[in-house]
Amino acid sequence: MKKIGILTSGGDAPGMNAAIRAVVRKAIFHEMEVYGIYNGYQGLMEGNIKQLGIGSVGDIIQRGGTILYSARSEAFKTEAGQEKAIEQLNKFGIEGLIVIGGDGSFQGAVKLTEKGYPCIGVPGTIDNDITGTDFTIGFDTALNTIIDAIDKIRDTATSHERTYVIEVMGRDAGDLALWAGLADGAESILIPEKPHDFDMVIDRLQKGQQRGKKHSIIVLAEGVGNGMDLGNRIQEATDMETRVTVLGHIQRGGRPTGFDRVLASRLGAKAVDLLLDGKAGRMVGIENNKLIDHDIKHILTSKHELDMDMVHLANQLSI
Ligand code: ATP
């Protein structure tokens, strides 16, 4: 294989740039040409493609976002859209494609692989909701952004003796809420994977108040419900002064942590190795600090499992 393409798709995640850099440098090290496809699958269909040199990925390892931009494309989900993409791949002579993104992006990679274009998936999403890898690129940075925000909120919560509800990202996956809640000693952590007991949330708050706690933090994953509604219900049920902070898109941005930079570099380079080995339809991942790869189709049909031992631990530590 002499020419490969790379694109980022779906929600952006800090560390995607470090992965792009690793793919480009590793491929050039192996005397391959690398083509950057801008705006995800939309750009692929439109032929928004440029060759990337060693210098074009300089000074990006520390930057959030993605220099290749990202897009969500409905058109690419159709047969006609995928045919257009293939025409462009043929035009540029691209023989294999590396897709950095989440499970939606991997669906696209499977479709192209089935049409004869070897694709390798690199898990890039802050949600950590992909099975077959212990961590996705961007999760650690988003986690640290949330921790930083909660630490700041905690200062004002203590000064005013308030209860704070912090709504974090995670429509279907509670990893960010769970890790941040554990790291910040939250009273309650509400995640989509486990139904919560509102009375228990109130009970914990009241017990904390009785033993003289100056503030309380509740972390809520967005998939569980609206933070404002929860805040109102808590205030009504307890008469405690309650405030709500929805962290929103700040969780997506910022300088990637050292962990994410190293993870992205390792996974990006591994993806190039797989293409060189003639593999297709695989996703690279990390398990027990070892690089591995799985059949993407298998990844897409198995459900990401939250670590329930961590849920129990968080409950035990927040008594
Ligand atoms: P995140 O987890 O951050 O949302 P994602 O990769 O899951 O990232 P999606 O919006 O689900 O994000 O998917 C990104 C793009 O992948 C879509 O806009 C579409 O172009 C392509 N895609 C998604 N599902 C399919 C599919 N079934 N067939 C072909 N392409 C798809």
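What this report covers is the structure whose coordinates are included nearby. In this text the structure is predicted, and so the values were computed from the model without any measurement.

1. Observations regarding the site of the ligand
Working step 1: Looking at the ligand, there are 17 residues lining it, with R72, S73, G102, G104 and S105 nearest.
Working step 2: S73 is positioned with one of its backbone polar atoms (N or O) 2.7 Å from an oxygen atom of the ligand.
Working step 3: Out of a free accessible area of 630 Å², the ligand has 85% covered by protein chains.
Working step 4: For the shell around the ligand, the element with the most residues is helix 4 (residues 103-114), which contributes six residues.
Working step 5: Within the shell around the ligand, the residues separate by chemical class into two nonpolar, eleven polar and four charged.

2. Considerations on the environment of A314
Working step 1: Along the chain, A314 falls in helix 11 (residues 308-317).
Working step 2: Residues A314 and Y38 lie 276 residues apart in sequence; the distance between their C-alpha atoms is 42 Å.
Working step 3: Sequence-distant contacts of A314, that is, excluding residues within four places in its chain, are made with L178, L182 and I189.

3. A word on the nonpolar core
Working step 1: Grouped together as the largest cluster of nonpolar side chains are 61 residues, with contacts concentrated most on I4 and I98.
Working step 2: The leading source of residues in this core is helix 5 (residues 139-160), at nine residues.
Working step 3: Dropping the residues within four chain positions of it, I4 is found in contact with V23, A27, M32, E33, V34, Y35, I94, G96, I98, V272 and L275.
Working step 4: Residues Y35, L44, A85 and I296 belong to the second largest nonpolar core, which totals 24 residues.

4. Concerning the packing of helix 1 (residues 16-29) against helix 9 (residues 258-276)
Working step 1: Close contact between helix 1 and helix 9 brings their axes to 7 Å; oriented N to C, the two are set at 40 degrees. With respect to each other, helix 1 and helix 9 are oriented oblique. Where helix 1 crosses over helix 9, the handedness of that crossing is right-handed. Across from A18, A19, A22, V23, K26 and A27 in helix 1, the residues of helix 9 making contact are R261, A264, S265, G268, A269, V272 and D273.

5. Some remarks on the packing of aromatic side chains
Aromatic ring pairs are described here by two measures, namely the spacing of the ring centres and the angle between the planes.
Working step 1: All told, the structure shown has seven aromatic pairs when counted by the stated rule.
Working step 2: Seen in terms of ring centroids, F135 and F259 are 5.3 Å apart; in terms of plane orientation they differ by 80 degrees. Their pairing is edge-to-face. Within this pair, whereas F135 is found in the loop between strand 5 (119-123) and helix 5, its partner F259 is found in helix 9, the two being separated by 124 residues in sequence.
Working step 3: Relative accessible area serves as the criterion here: at 21%, F135 is assigned to the partly exposed category.

6. Quick word on the packing of helix 7 (residues 198-210) against helix 8 (residues 227-238)
Working step 1: For the pair helix 7 and helix 8, interaxial distance at closest approach is 11 Å and the crossing angle is 60 degrees. Taken together, the axis directions place helix 7 and helix 8 in an arrangement best described as oblique. Here helix 7 runs over helix 8; the crossing is right-handed. Residues F198, V201, I202, L205 and Q206 of helix 7 form the contact with helix 8, whose participating residues are L230, R233, I234, A237 and T238.
Working step 2: Partitioning the contact of helix 7 with helix 8 into residue classes produces seven nonpolar, two polar and one charged.

7. Focus on unusual backbone geometry
Working step 1: Phi at E161 is positive, roughly 50 degrees, even though this residue is not glycine.
Working step 2: Considering the arrangement of structural elements, one finds E161 in the loop between helix 5 and strand 6 (163-168).
Working step 3: In this structure, D239 takes a positive phi of about 70 degrees despite not being glycine.
Working step 4: Checked against the element boundaries, D239 lands in the loop between helix 8 and strand 9 (242-246).
Working step 5: When its relative accessible area of 70% is taken as the criterion, D239 is described as exposed.

8. As for the pairing of strand 4 (residues 96-101)
Both faces of the sheet carry side chains from a regular strand, because those side chains alternate between them.
Working step 1: With six of six residues buried, strand 4 is to be regarded as a mostly interior element.
Working step 2: Here strand 4 shows two buried faces, one formed by G96, I98 and I100 and the other by L97, V99 and G101.
Working step 3: Here five bridges tie strand 1 (residues 3-8) to strand 4, and the two strands are oriented parallel to one another. Paired with I4 across the bridge in strand 4 is G96.
Working step 4: The parallel pair strand 4 and strand 5, bridged by helix 4, forms a crossover whose chirality is right-handed.

9. Brief notes about helix 1
Working step 1: Compared with an ideal rise of 1.5 Å per residue, which puts 14 residues at 20 Å, helix 1 spans 20 Å between its outermost C-alpha atoms and is within 8% of the ideal.
Working step 2: Turning to helix 1, its buried residues are M16, N17, A18, A19, I20, A22, V23, V24 and A27.
Working step 3: Turning to helix 1, the residues buried within the fold contact strand 1, strand 2 (33-37), strand 3 (49-52), strand 4 and helix 9.
Working step 4: Count one or two residues on from helix 1 and you reach E31, which has phi positive near 60 degrees.

What counts, and at which threshold
- Residues numbered from 1 in each chain as written.
- Predicted model: local features only at pLDDT ≥ 70, side-chain atom pairs only at ≥ 80, totals over all residues.
- Heavy atoms only, no water.
- Near = heavy atom within 4 Å.
- Polar contact = N/O pair within 3.5 Å; in protein donor to acceptor, adjacent residues only side chain to side chain.
- Areas by Shrake-Rupley, 256 points an atom, 1.4 Å probe, with all protein chains shown as cover.
- Helix = DSSP H or I, 4+ residues; strand = E, 2+ residues; numbered from the N terminus.
- Nonpolar A, V, L, I, M, F, W, Y, C, P; charged D, E, K, R; others polar.
- Contact = heavy atoms within 4.5 Å.
- Core = buried A, V, L, I, M, F, W, Y, C linked by side-chain atoms within 4.5 Å.
- Buried < 20%, exposed > 50% of the residue type's maximum accessible area, 1.4 Å probe, protein only.
- Axes fitted to C-alpha atoms, helices over the stretch in contact; angles between N-to-C directions.
- Parallel < 35°, antiparallel > 145°, perpendicular 65-115°, else oblique.
- Left-handed = near helix turned anticlockwise from the far one by under 90°.
- Phe/Tyr/Trp six-rings, centres within 6.5 Å; stacked < 30°, edge-to-face > 60°.
- Pairing = 2+ DSSP bridges.
- Right-handed = clockwise from strand over helix to strand, strands pointing away.
- Expected span 1.5 Å × (residues − 1).

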